[in-house]
Amino acid sequence: MRHLTVFSLAVVLGVAALSAGAEELGGYDGAQLYKRLCSSCHGPTGDGDGPVSASFKARPPALSGIAARRGGQFPAERIRQLIDGRTSVAQHGARDMPVWGVDLRAAGADTDAILTRLLEYLRSIQKPGRP
Ligand code: HEC
């Protein structure tokens with residue numbers, strides 16, 4: 001039941017965020033994309049404290065700690081795949097985060113360009129030593 005609720009929340013958030021439309025998203029830089037699509041769960045500065053983060057059993061991770069959790073490395077290709085979600089969902093089944101590779105494509109957005117800008121932004125907000 002709880003799982004269903006969280007899943008619906010993810011779907012609603014994904015759809016609401018994408019009501020911006022492909023054209024609008026295409027003109028956003030990484031920080032604007034992050035604010036629009038990711039901050040509700042991962043927090044305004046990527047610290048994992050977005051307004052809806054408390055509804056998750058496993059809190060959305062701090063995205064400012066991607067590198068710190070991986071021994072200081074930022075594996076861009078792996079992180080891109082995690083956000084995109086199409087590969088990992090095929091391998092592991094459902095997840096709590098919207099499957100951006102599907103949602104962005106469905107909205108007619110340039111998925112690759114958007115993921116590239118998001119990754120640049122995420123790299124720029126890494127905090128050394130953050131768990
Ligand atoms: C509906 C809430 C929600 C939204 C919106 C969301 N995420 Fe997530 N995210 C999660 C959760 C929960 C996890 C933990 C894994 C899981 O359960 O799917 C996660 C995991 C991640 C991870 C893996 C972090 C790591 O260190 O392994 C990355 C990267 C990530 N999200 C990036 C993003 C980006 C970029 C966006 C915006 C395009 C975004 N997320 C939007 C909930 C969300």
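Just above, that's the structure.
Quick notes on the rules
- Residues numbered from 1 in each chain as written.
- Predicted model: local features only at pLDDT ≥ 70, side-chain atom pairs only at ≥ 80, totals over all residues.
- Heavy atoms only, no water.
- Salt bridge = Lys/Arg side-chain N within 4 Å of Asp/Glu carboxyl O.
- Helix = DSSP H or I, 4+ residues; strand = E, 2+ residues; numbered from the N terminus.
- Buried < 20%, exposed > 50% of the residue type's maximum accessible area, 1.4 Å probe, protein only.
- Donors = N, O, S within 2.8 Å, 3.2 Å for Na, K, Ca; no water.
- Tetrahedral: all angles 85-135°; square planar, octahedral: opposite > 155°, others 65-115°.
- Contact = heavy atoms within 4.5 Å.

Below, the discussion takes up the pattern of salt bridges. Any two side chains of opposite charge can pair, given that their charged atoms come close. Counted by the stated rule, this structure contains three salt bridges. Here arginine 36 makes a salt bridge to glutamate 24, at a shortest N to O gap of 3.6 Å. Of this pair, arginine 36 sits in helix H3 (residues 30–37) while glutamate 24 sits in helix H2 (residues 22–26), and the two are 12 residues apart along the sequence. As a salt-bridge pair, arginine 86 and aspartate 84 come within 2.6 Å of each other at their nearest N and O atoms. Residue classification places arginine 86 among the partly exposed positions, given a relative accessible area of 34%. Overall, the relative accessible area of 11% leaves aspartate 84 in the buried class.

The next point concerns the coordination of the iron atom of the ligand. In the first shell of the iron atom of the ligand, the protein supplies His42 (NE2) and Met97 (SD), at 2.0 Å from the metal. Relative to the metal, the six donor atoms surrounding the iron atom of the ligand lie at angles of 83 to 179 degrees, and the coordination shape comes out octahedral. Taken as a pair, histidine 42 in helix H4 (residues 39–42) and methionine 97 in the loop between helix H6 (86–92) and helix H7 (100–106) lie far apart in primary sequence, 55 residues in all. Judged by relative accessible area, which is 9%, histidine 42 ranks as buried.

Structurally, threonine 111 is set in helix H8 (residues 111–124). Among the residues examined, threonine 111 registers a relative accessible area of 3% and is labelled buried. For threonine 111, the contacting residues outside a window of four places in its chain are Arg86, Gly101, Leu104 and Arg105.

The values are spatial; any link to function lies outside them.
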